[in-house]
Amino acid sequence: MGLEARLPDGILLTTVEKVVNWGRAGSLFPATFGLACCAIEMMSTGAAHYDLARFGMEVWRGSPRQADLMIIAGRVSQKMAPVIRNLYDQMPEPKWVISMGVCASSGGMFNNYAIVQGVDHIIPVDMYVPGCPPRPEMLLDGIVKLHAKIKREQFVERPRKGESMEEFRRRTGWPTAEDVELEGWAAHQPTRKSGESTVAAGTGAGRTSGRRAGGESI
Amino acid sequence: MAGSGSGNPNMASGEATKLRAAHLPEAQLSEQLRAVRDNLVGAFDGMDVIGFRGELTLVCPPEVVLKVLQHCRDDAALSCEMLVDLSGVHWPAGQREEVAEETTGWPRYEFGEQAGRIELDYMVRSLRHNHAFRIRTMLPDDDPRMPTATGIYRSAEIMEREVFDFFGVDFDGHPDLRRILMPEEWEGYPHRKDYPLGGVEVQYVGATVPPPDQRSY
Amino acid sequence: MSDQQQVAPDRPAQDDDADLTTEQTREERAVAAASGAAVAPHTYTVASGEWEDLPDAVEDDLMVINMGPQHPSTHGVLRMVLTLDGETVVDNKPVIGYLHTGIEKNLEYRPWVQGVTFVTRMDYLSPLFNELGYCLAVEKLLGIADEVPERASAIRVIMTELNRVASHLVWLATGGLELGSTSAMIYGFRERETVLDILEYVTGLRMNHAYIRPGGVVQDLPPEFAERVDTLVSELYDRIDEFEDLLTGNPIWVERNKGVAVLTAEQCLDLGVTGPVLRATGLAHDLRKTAPYCGIDQYDFDVVVADTADAFGRYLVRINEMRQSLRIVTQAVAQLPSGPVMVADKKVAWPAQLALGPDGIGNSPEYISKIMGQSMEALIHHFKLVTEGFAVPEGQVYTAVESPRGELGYQVTSNGTNKPYRVRVRDPSFVHIGALADLTNGLLIPDVIAGVASLDPVMGGVDR
């Protein structure tokens, strides 16, 4: 029944995925995008004391077209919002976003006309790091957790080790054979629930690989 | 509370702010500032003087402000080389009440104005004589216009743009009067008192907290 | 081609590709060819010669280029629309507001003490200066400016001068990085970490401290403060010398900074520029000497001045200002008076005492037991003061402090309530942005970067 959901060449893919994810996580290039006070803490994290280079991230790319990771460090004003969206769109896939500080995560202490209440109103965020400003250790913690998240990404969804089919279905939106009464090839196509991404399509985040399938959280 | 007629010389609002130079409490101003005051009151008519916490403020009608600034810059005894600050305060018309009902015993603040005004404060400083004082003027808040001070002090250029952006004061003759901190197509003048703070409600589990301008505490 | 021969009959026979014609002429020729009439064209024939002798085929060759708001070398989200003639800047229109936070309006909805936490986040490289200016203004309005204890004033001086050093270190680090010196970046931030350690030891936070409050400072200095500061100061003197070794004689640094971005004294005064930029023109104007605050005039220090009004002069001024700040800190720590750190007036003073507990910093257990167990009055008073705050008499004052960037002024208007009526912050970086057009006039693009770096604007202060 659910075996068809597991692709026959899943074992081969596993190794490729592991290597690719390890490569991606091991050498994320951040885009220089500091806005306010958090930017100074971000620079401190990149500096000698709390070195980012040991995570492979010392190469800050000035151009978003060459960057993997955008750390939104600071408060996002209404005037800056279209600029951020523009920059995010300029980044090539695969890309990740860390929202650093409470102002980027939720508007922070500035609940007013001028500040967007959370940068996730504009771009999809992979990791929220709270703090005002977060200490460099906190940002590093967020980065390490993001690395762990990247390493768990899958090209094609299949159940994880120890995950039951029920949980797998809930996580990704693939139906079990009981849900669908289609036959043959059609029985294996996923029904996409709103807001969840699937293998073939990228929704919202514009992703083309099967990452961030529904409700995945740390 | 902040109504008129309390005889308080520090007030920035209401009719009772007008104090002639003769009635100014001398002790609040230093020698140097008293000399400045005498210089300016002698040079121009219709100047009102406020001395508060050792600071000198001269209130004059909007038409005279540029001449006063020119005099401050060119007069040898005043020699104010720098316009340090140009700021605005909005005193809207009507009675307003600020009350907090969450806990007993909190005061109820009432204040009001007859006509809505926008106050402009020009802070000038002299490096040579080491003094600084304020020129204040009041504009009506329904159509505030003011000639530009850019010809006298070039630092006014960027400061007037900010006052235009936040209060809507139109400076005639300004080389490039457009919004500076808000987006160009923004509507409304944020620092006016009738412009809302614009926050959103914050949701918690089982409760919500209203934005700061709608809280009652 | 037949058209050409028809239209320009007296033109000597030449190669076609030596013929330079304007677009207009081609159009005219097309029109002429269509209508069949003979039209005299504007043709420039070049046999051999120099490009400069050729009159410009296009009159207006100014290029408008946008720099920012996301750019690794602008100090934060500053956008400059440059009009270029080749690579030389003819006009520079800065566009700001990308970090506008509405702090001034937010302050009108919070009690006076809570304003400190908002104000501290404006110029985020020198948060203690923001707090100091605001608290001095509030104390002036309250009329308790003389009642602030001496120990509190001395602590304020120590903390703000340490903050000045930290801010100048960030300036050096980012300025160096923008001009290509990654070492300056690493050294600057390394030194800044040591200063931030001390600030964290005292206030609990590395940045945005909310330590200086109206009436004094929120808590006293911890026990080993004097020793740690002494170690820090001697270390920093050595490190600043190291910086000078790296940069001052460095031919690349000198070439990039000498003669670049000149702002004369008259221009500075006219444009309202203060701080190291003004002192680099030769004018010794420092608010710590001309309008001293917090008793800073009892300490012995020099106002650092340079007489070349260029980026290199500003660099020298800032490096030496760091040394003078350390001098002030040493004297202040040595002469630190004892006593309370908060004003005695119970209606204003922040009631709680903070202490370090097992789970971090918080209200001290003795104080909690006093208000919860012993005195109902103290509890009510604490509650009232913390939630409602104090009411400030009506009026308007202006106070200014000498922040690392220049004159940071506060025009605070009160209408007698427990919330500010209007707080206007005169931030030096905002006024300096108005000077950008003058500063970068006639510079090449890399010099624009050096010029902006030497001006040291912090966009949090510009946009507030």
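Summary of the structure given here.

About the criteria used
Residues numbered from 1 in each chain as written. Chains lettered and ligands numbered in written order. Predicted model: local features only at pLDDT ≥ 70, side-chain atom pairs only at ≥ 80, totals over all residues. Helix = DSSP H or I, 4+ residues; strand = E, 2+ residues; numbered from the N terminus. Buried ≥ 20, exposed ≤ 12 C-beta atoms within 10 Å, placed from the backbone. Contact = placed C-beta atoms within 7 Å. Arc of directions from axis to C-beta. Nonpolar A, V, L, I, M, F, W, Y, C, P; charged D, E, K, R; others polar. Pairing = 2+ DSSP bridges. Core = buried A, V, L, I, M, F, W, Y, C linked by C-beta atoms within 7 Å.

### Overview of the overall build of chain B
Secondary structure summary: chain B contains 3 helices and 11 strands in total. Each helix and strand of chain B, placed in order from N terminus to C terminus, yields the pattern α-β-β-α-β-β-β-β-β-β-α-β-β-β. In chain B, buried positions account for 39% of the 217 residues. Counting only contacts in chain B whose residues sit at least 6 apart along the sequence, the fraction spanning at least 24 positions is 55%.

### Remarks on helix H2 (residues 65-74) of chain B
Within H2 of chain B the residues assigned to the buried category are Val65, Val68, Leu69 and Cys72 of chain B. Down the axis of H2 of chain B, the buried side of the element spans an arc of 100 degrees, and every buried residue falls inside it.

### Some points on the interface of chain C and chain B
Opposite the 39 residues of chain C that make contact, chain B presents 39 residues. Elements represented by at least two residues in the side of chain C that touches chain B include exactly helix H3 (103-106), helix H10 (265-271), strand E10 (395-403), strand E11 (406-414), strand E12 (422-426) and helix H16 (428-433) of chain C. Per-class residue counts for the side of chain C that touches chain B are 11 nonpolar, 16 polar and 12 charged.

### Overview of the interface of chain B and chain A
Contact residues are listed per partner, giving 9 residues for chain B and 6 residues for chain A. Class assignment for the residues of the side of chain B that touches chain A results in 7 nonpolar, 2 polar and no charged.

### Re the pairing of strand E6 (residues 117-126) of chain B
Residues and elements named next belong to chain B. Of all the 10 residues making up E6, 9 are buried; the element is thus mostly covered by neighbouring parts of the structure. Here strand E3 (residues 82-91) runs beside E6; their pairing, made up of 9 bridges, is antiparallel. By the bridge assignment, Val89 is partnered in E6 with Glu119. Direction of pairing for E6 relative to strand E7 (residues 131-140): antiparallel, over a ladder of 10 bridges. Of the residues in E7, the one forming a bridge with Arg117 is Pro140. Following E6, the chain reverses through 4 residues before pairing antiparallel with E7; Asn130 in that reversal takes a positive phi of roughly 60 degrees.

### Notes on the environment of Ala48 of chain A
By the secondary structure assignment, Ala48 of chain A is in the loop between helix H2 (37-46) and strand E2 (69-73). Residues in contact with Ala48 of chain A, not counting those within four places in the same chain, are Ile186, Phe189 and Arg190 of chain C.

### Things to note about the nonpolar core
In this structure, Met70, Ile72, Ala73 and Met100 of chain A together with Val124 of chain B are the most contacted members of the largest nonpolar core, which totals 219 residues. For Met70 of chain A, the residues in contact, after removing those within four places along its chain, are Ala31, Phe33, Leu87, Tyr88, Met91, Lys95 and Val97 of chain A.

### Examining helix H18 (residues 445-455) of chain C
Residues and elements named next belong to chain C. Counting buried positions along H18 gives 9 out of 11 residues, so the element sits mostly inside the fold. For H18, the full list of buried residues reads Asp447, Val448, Ile449, Ala450, Gly451, Val452, Ala453, Ser454 and Leu455. One or two residues past the end of H18 sits Asp456, with phi positive at roughly 55 degrees.

These results come straight from atomic positions and should not be treated as a statement about function.
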